[in-house]
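Architecture at a glance
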Amino acid sequence: MRNLTEFVAALTFAAAAAAGEPGALTVGEPVAVAPECVRDGALVQATPAVAFGRRVYLIVWSDGSRMLGKETADIYCARVEPGTGKSLDPRGIVVCKAENLQSRPAVAFDGANFLIAWEDLRSGTDHDVYAARVTEDGKVLDPDGFPVIKRPNNQAWPAVAFAAGHCIVAWMDARQYPVYGIYFARVTPEGKVLDPEGLPADIEDPAKIAKVKPQGETWMGDKDYWWHNLASRVCPAAASNGTSVLLVYTKEYPFAGSGRPGLAATLVRAADATVSQPVKVAGGPSPAWTGKGWALGGPAWQSGWTPTPFLGAALLPETPVETKEAGATVDVVKAFGGGYNVGKGSTASFPSCAAFNGKSTLVAMQYAWREKKGDKRPVFAVLALRVSTDALTGKTPVPPTEKGPGGTGFQPVLIASATSPESVGHPAIAVGPKGEYLLAYQADSDVAKCLIIARIVREEEEKPQ
Amino acid sequence: MRLASRRAFALVVLASSLPARAGSVATGNALGADHVAFVRSGVVGGLVGPARECAAGDNRDIRCCLAPDGAIWVPDSRDCLVYRIQDGQARIVAGCGVKGYRDGPADRAMFDFGVGSYCDVETNSDAAGNIYVSDMMNNAIRRIFKKPDGRWWVETVSGGTKKGREPRKGEWIPASELKVGGASRFAVADDGTIYYANWGGIYQVKDGKGTRLATPEELTAQLGGRKAIADWHVGGSHITPDGVFYWVPGGQEIYRFDTRTGKAEVVAGEGPKQTDAATVRESGFHTVDVVYSNDAAVIYTGGGDESVPRRIYQGAVKHLQKDGTFKSTHERDRDNWRLYQVAFLSPEGDLYTFCGIYAWAGWLVRVKFAKE
């Protein structure tokens, strides 16, 4: 890692804009989670996810090559010690080494063990969702995993959260050709899937599909624009409030209607698997429960040909209702420069994450811009923004440099950056003891070296008035 | 866009009209269309599996190709990935999902296809099945190929540096030293020779060396004073088996250049935008995509402000209608077939195109035509 990362490492940010606000944010040293997990002479670790149990954090990732015909991408994990951020498993722990590709892992703690879910192409034809339990001692209880959903068509992009005695695993599902919908299943701490066929959380109206879908499955005839009438739901994320799980995902809107894809949300009550009415929501795609509602963190996009990303969070009531306010956000282009034109329909361009530690929600996202001089190479960054609940609820004033009804009181923090061909991205966050966060991300520095990095992030004590 | 078919076509003498025959390419009315691949875009990192369920970051402003083995190669302009679709299955072959510039193992390679309005990329294949990808932000053309040990690999075959130099016309220099090492739209001959038009004129890259075939001034003089190079990220280039190079600067005029004689001329696009005039030359275009049969006897346009495919054939320009017929019309009729972004033609004349305005939905569909 080079450039600003080293400069930023361990730097304490005097993030509070004014006296009387929460104390500074401290970003710890970067720690490679599994530097000895060498496979075929390379370290290729990608798309991390993280959760905290009672004693340790567990970071999971997709490990290995995606080389067509020689795929070795498997699911690995490693435990990280709270307080120090030290990796307890530098060689990594194998969770799944099945055939073909295993990728996009998600993880939650169910009170006894971690449940890791991932998308799995072991069938060789379509993705299924598999899961495995891992103890806090690092023992894999379900080697190579068990199927959460295994049907024809793609089931992919799992999200997982624990509530009311079950883990809710959600995914995007292509069973309703030609669109994706969001489905979920409950998984017990014993690893039993209570809903083996999956339950719909938000899917396209079957009558609507029947109306526009041509005869003969693939023949389009004069119905040449199904896309005009049907909407997919994709890329779910999940958070728990203890009894229910909020699913946030991207929903297409038929063209010439609301235009670009937007965010939608629905609440799954874990006890009986009932689902609330799906609604459009504002904010970012990464949810966290704040005690006063859901913070939806991550990039929020302006509309238009060259939308500008804002980093922040919007507040959603416990039972989701349609929201349009962007919430407490900052303009990352203003904060970091770049003007990275991402183009239309870029709702989910930059991966993000969010977590609430009892006082604030920390939101992180991947971002990128181009060097203004020289070769104009892409510069990649992981940014974080702390958003107080007061800011989300509009109880603090809007600082003049920030936008949104609540304001934030803070500027975003540069956690790490790298200039192409090096890169950083795919951040993930979990809350540990004493309100500390563990922030993980991938750092690519060479054709044979892409590591998962972890850093402890702490808030200092509040400053007196 | 060239065809995968390697059959020899009759020598076409450059003349004021397009070749009259279309070989084995079907040129009748449309029989219908079926969904081939991609169900949507906007999924970060993409999603493989069944081709009709796969997803990409963005399929906007891209051009695909058909390899000799029947595989379709599709780039993802936002995540800088390259997909291969074969036997109904989609897989990512090249790119690690991060913008940048890195050769080597294909799954760890990086491309930079630009962003937003400047997302743009094309793929082509040669007779041996090598896949060529335009990598404009890196000023390069890259080759994807399978090594004897079965590993897919990416290497730069032209450009790759911003500190290169310009060869004089007829001077051959190492292709890696080409200052203008690529264009987002380019053509590849059967033997892997690359042709492209960019700010310095028309270039040729062969056997690791590059040269300039014509300067913009020379071209402009032959084109009646028209601007020969207007924009690098629109249109579509093509090289016929007998060495006639087509390019579309600015998306409004189609030009061609005979690489044997050095003669350039206007093919189409003198009229107002989007009009089907009495002659091809008098018709007007505003497109970002043009695809060709191997001998260029059949040309389709689409994309940009042209949401309806148009066919240039036998001296006429006609829009594809909802009933499958082709008619000359000046209107963007709602009854027309909205298959927005033409991607390539198969040897049989099947038109592969993306549907959806600016391909948000990112569906690759195939339109079949009757034999005349």
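Note that residues are indexed from 1 along each chain, following the sequence as it is written. Note on labels: chains are lettered from A, ligands numbered from 1, in written order. Confidence filtering applies because this is a predicted model: local features only for residues at pLDDT of at least 70, side-chain atom pairs given and counted only at 80 or more, and all residues used for totals across whole chains, interfaces and linings. Based on all heavy atoms of the structure, the side-chain values leave hydrogens and waters out of the count.

**Details of the overall build of chain A**
- When its secondary structure is counted, chain A shows 4 helices and 31 strands.
- Each residue gets one of three labels from its accessible area relative to the maximum for its type: buried under 20%, exposed over 50%, partly exposed in between, using a 1.4 Å probe on protein chains only. A total of 465 residues make up chain A; the buried ones form 64% of that total. Each helix is a run of DSSP H or I of at least 4 residues and each strand a run of E of at least 2, with the numbering of both proceeding from the N terminus.

**Considering the sheet that holds strand β7 (residues 72-76) of chain B**
Residue and element names in this part refer to chain B.
- Strand order across the open sheet formed by 5 strands is β3-β9-β8-β7-β6, with antiparallel pairing between neighbours. Only two strands of the sheet have a single neighbouring strand rather than two, namely β3 (49-50) and β6 (65-66).
- With 2 bridges connecting them, β6 and β7 associate as antiparallel partners. Across the sheet, residue leucine 66 finds its bridge partner in β7, namely isoleucine 72. Two strands pair if DSSP finds at least two bridges between them.

**Some thoughts on the sheet that holds strand β11 (residues 146-149) of chain A**
All names here are of chain A.
- Spatial ordering of the open sheet is given by β8-β9-β10-β11, a layout of 4 strands whose pairing is antiparallel. Two strands close off the open sheet at either side, each with one partner strand: β8 (102-109) and β11. Pairs of neighbouring strands in the sheet enclose a mean axial angle of 30°, with direction left out of account.
- Two elements, strand β9 (residues 114-120) and strand β10 (residues 128-134), share 7 bridges in a ladder whose sense is antiparallel. Among the inter-strand pairings, glutamate 119 is bridged to a residue of β10, identified as valine 129. In this analysis an axis means a line fitted to C-alpha atoms, helices contributing only their contacting stretch, and an angle means the value between N-to-C directions, from 0 to 180 degrees.

**Concerning the pattern of salt bridges**
Residue and element names in this part refer to chain B.
- One side-chain nitrogen of Lys or Arg within 4 Å of one carboxyl oxygen of Asp or Glu is enough to make a salt bridge. By the definition in use, this model includes 39 salt bridges over all chains.
- Here aspartate 149 makes a salt bridge to arginine 151, at a shortest N to O gap of 2.8 Å.
- Look at arginine 151 and you get partly exposed, because its relative accessible area is 31%.
- Residue arginine 226 is joined to glutamate 270 by a salt bridge in which the shortest nitrogen-to-oxygen separation is 2.6 Å. Here glutamate 270 lies in the loop between β23 (264-268) and β24 (289-292) and arginine 226 lies in the loop between α1 (216-222) and β20 (238-239), a separation of 44 residues in the sequence.
- Residue class for arginine 226 comes out partly exposed when judged on its relative accessible area of 26%.

**Structural notes on the environment of B:Gly159**
- The topology assignment puts B:Gly159 in strand β14 (residues 152-159).
- Note: C-alpha distance between B:Gly159 and B:Asn138 (21 residues apart in sequence) is 8.0 Å.

**Re the nonpolar core**
- In these notes, a set of buried Ala, Val, Leu, Ile, Met, Phe, Trp, Tyr and Cys residues joined through side-chain atoms within 4.5 Å is what counts as a nonpolar core. If you look at the biggest cluster of nonpolar residues, it comprises 66 residues, and the most contacted ones within it are A:Ile59 and A:Ile415.
- Considering every element that reaches this core, the biggest residue donor is strand β27 (residues 378-388) of chain A, with 8 residues.
- If you look at the next biggest cluster of nonpolar residues, it comprises 45 residues, including B:Phe38, B:Cys80, B:Ala94 and B:Phe111.

**Quick notes on the confidence of the model for chain A**
Residue and element names in this part refer to chain A.
- As a per-residue measure, pLDDT reflects the predictor's confidence and takes values from 0 up to 100. Per-residue pLDDT for chain A averages 84, and the proportion of residues at 70 or more is 79%.
- Contacts for the low-pLDDT stretch residues 342-348, under 50 throughout, to residues beyond four places or in other chains number 31 contacts.
- Contact criterion: two residues are considered in contact whenever any of their non-hydrogen atoms come within 4.5 Å of each other. Below a pLDDT of 50 lies the segment residues 397-409, which in the model reaches 40 contacts outside its immediate sequence neighbourhood of four places, other chains included.

**With respect to unusual backbone geometry**
- Of note, the bond from A:Tyr177 into A:Pro178 is cis; its omega dihedral lies within 30 degrees of zero at 10°.
- Here A:Pro178 is to be found in the loop between β13 (166-173) and β14 (181-187).
- With an omega of 15°, the peptide bond between A:Ser420 and A:Pro421 qualifies as cis.
- Of note, A:Pro421 is situated in the loop between β28 (413-419) and β29 (423-431).
- Phi is positive for A:Ala164, close to 50°, though the residue is something other than glycine.
- Its location among the elements puts A:Ala164 in the loop between β12 (155-163) and β13.
- Look at B:Asn139: it is not a glycine, yet its phi comes out positive at around 55°.
- Relative to the helices and strands, B:Asn139 resides in the loop between β12 (131-135) and β13 (140-146).
- Among the residues examined, B:Asn139 registers a relative accessible area of 11% and is labelled buried.

**Description of the state of the cysteines**
- Put simply, a disulfide is two cysteine sulfurs that come within 2.5 Å. Using the criterion set out here, one finds 0 disulfides over all chains in the structure.
- Looking at B:Cys65, it has no disulfide partner, and the nearest cysteine sulfur is the one in B:Cys64, 7.8 Å off.

**Observations regarding the environment of A:Glu459**
Residue and element names in this part refer to chain A.
- Within the secondary structure, glutamate 459 sits in strand β31 (residues 449-459).
- Exposure remark for glutamate 459: the relative accessible area of 14% places this residue in the buried category.
- Taking the C-alpha atoms as reference points, glutamate 459 and serine 360, 99 residues apart in sequence, are found 9.1 Å from one another.
- Polar contacts, as used here, are pairs of N or O atoms within 3.5 Å; protein pairs need one atom able to donate a hydrogen and one able to accept it. Residues neighboring in sequence count only if both atoms are side-chain atoms. At a separation of 2.8 Å, a polar atom in the side chain of glutamate 459 contacts the side chain of asparagine 357.
- Reaching out from glutamate 459, the side chain makes a polar contact with the side chain of arginine 386 at a distance of 2.6 Å.

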